[in-house]
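# Working through the structure, step by step
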Amino acid sequence: QQQVRQSPQSLTVWEGETAILNCSYEDSTFDYFPWYWQFPRESPALLIAIRPVSNKKEDGRFTIFFNKREKKLSLHITDSQPGDSATYFCAANTGGLSGKLTFGEGTQVTVIS
Amino acid sequence: NSKVIQTPRYLVKGQGQKAKMRCIPEKGHPVVFWYQQNKNNEFKFLINFQNQEVLQQIDMTEKRFSAECPSNSPCSLEIQSSEAGDSALYLCASSLQGSAETLYFGSGTRLTVL
């Protein structure tokens, strides 16, 4: 059972455009939602994260919008750059020392210049 | 930059052979995770430790997988009898306080089972 789902599977945008990545989850006990990005042949790295007490988190060109009622969140990448080309993973956690991250399937983003 | 060190970077084994990989977590991080990432980019949680104690683990199929994090030694993940389906990227990550905090991933060990 996939508890964290992402769409689209892949996304191509032109340089300067806004890329929108979607994520939904099922478990209402999830209380921490990080986004990781992974470049080819590299390991994942934390990009930005949000907790349900907020409905928006911004870090430079990256913004998370969170809708707790619908159990959905999205990552917006404004003014996309070729260097943003990577696979983006939405993840969720219930917290606590024994908590573990549940990852979505990923969205592969390609930014064309 | 992550300071989680994983070795070896690449590992090639024949079916039925043992495969062992190691991980040195970032200094001061008591919590260590192992994930398997397959060719479809899907992450599978395997096990996590706080210091030397297992916090949570999946039902490791047929007990072929074993892991430990001894004090003063690298953590390790071992597959007793490798199968073709075990071919994947094995990622070790550490954090200060569980996955509620930032997970720092190592560069991974890419296992190929021939």
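Residues numbered from 1 in each chain as written. Chains lettered and ligands numbered in written order. Predicted model: local features only at pLDDT ≥ 70, side-chain atom pairs only at ≥ 80, totals over all residues. Heavy atoms only, no water.

### Let's talk about the interface of chain A and chain B
At the interface, 20 residues of chain A touch 24 residues of chain B. In this assembly, chain A packs against chain B so that about 1800 Å² is buried in total across both faces, 55% of it on carbon and sulfur atoms. Summed over the shared surface of chain A and chain B, the result is zero salt bridges. Where the side of chain A that touches chain B is concerned, the elements lending two or more residues are strand S4 (33-38) and strand S9 (86-92) of chain A. Here the residues of the side of chain A that touches chain B sort into eight nonpolar, eight polar and four charged. (Contact = heavy atoms within 4.5 Å. Buried area = accessible area lost by both parts, 1.4 Å probe. Salt bridge = Lys/Arg side-chain N within 4 Å of Asp/Glu carboxyl O. Helix = DSSP H or I, 4+ residues; strand = E, 2+ residues; numbered from the N terminus. Nonpolar A, V, L, I, M, F, W, Y, C, P; charged D, E, K, R; others polar.)

### A short note on unusual backbone geometry
The residue after A:Ser7, namely A:Pro8, is reached through a cis peptide bond having omega -10 degrees. Structurally, A:Pro8 can be placed in the loop between strand S1 (4-7) and strand S2 (10-14). Residue B:Pro8 is bonded to the preceding B:Thr7 through a cis peptide linkage, with omega at -10 degrees. With respect to the helices and strands, B:Pro8 occurs in the loop between strand S1 (5-7) and strand S2 (10-13).

### A few points about the pattern of salt bridges
Residues and elements named next belong to chain B. Using the criterion set out here, one finds six salt bridges over all chains in the structure. Two residues, Arg64 and Glu83, come together in a salt bridge whose shortest N-O distance is 3.5 Å. Of this pair, Arg64 sits in the loop between strand S6 (53-57) and strand S7 (65-68) while Glu83 sits in the loop between strand S8 (75-79) and strand S9 (88-95), and the two are 19 residues apart along the sequence. The exposure class assigned to Arg64 is buried, which follows from its relative accessible area of 9%. (Buried < 20%, exposed > 50% of the residue type's maximum accessible area, 1.4 Å probe, protein only.)

### Looking at the packing of aromatic side chains
Considering all chains together, one arrives at 20 aromatic pairs over all chains under this definition. Between the aromatic rings of A:Tyr36 and B:Phe105, the centroid separation amounts to 5.7 Å while the plane-to-plane angle is 90 degrees, which identifies the pairing as edge-to-face. Of this pair, A:Tyr36 sits in strand S4 while B:Phe105 sits in strand S10 (residues 104-105), placing the two residues on different chains. In this structure A:Tyr36 comes out as buried when scored by relative accessible area, which is 1%. Members of the aromatic cluster, connected to one another through ring pairs, are A:Tyr36, A:Phe89, A:Phe103, B:Phe33, B:Tyr35, B:Phe43, B:Phe45 and B:Phe105. (Phe/Tyr/Trp six-rings, centres within 6.5 Å; stacked < 30°, edge-to-face > 60°.)

### Considering the sheet that holds strand S3 (residues 19-24) of chain B
Residues and elements named next belong to chain B. Here we have four strands laid out as an open sheet, ordered S1-S3-S8-S7, and antiparallel in their pairing. The open sheet has two edge strands, S1 and S7, and neither has a second partner. The mean inter-strand angle of the sheet, taken between neighbouring strand axes irrespective of direction, is 15 degrees. Pairing of S3 with S8, which is carried by five bridges, proceeds in the antiparallel orientation. Opposite Lys20, over in S8, you have Glu78 as the bridge partner. (Pairing = 2+ DSSP bridges. Axes fitted to C-alpha atoms, helices over the stretch in contact; angles between N-to-C directions.)

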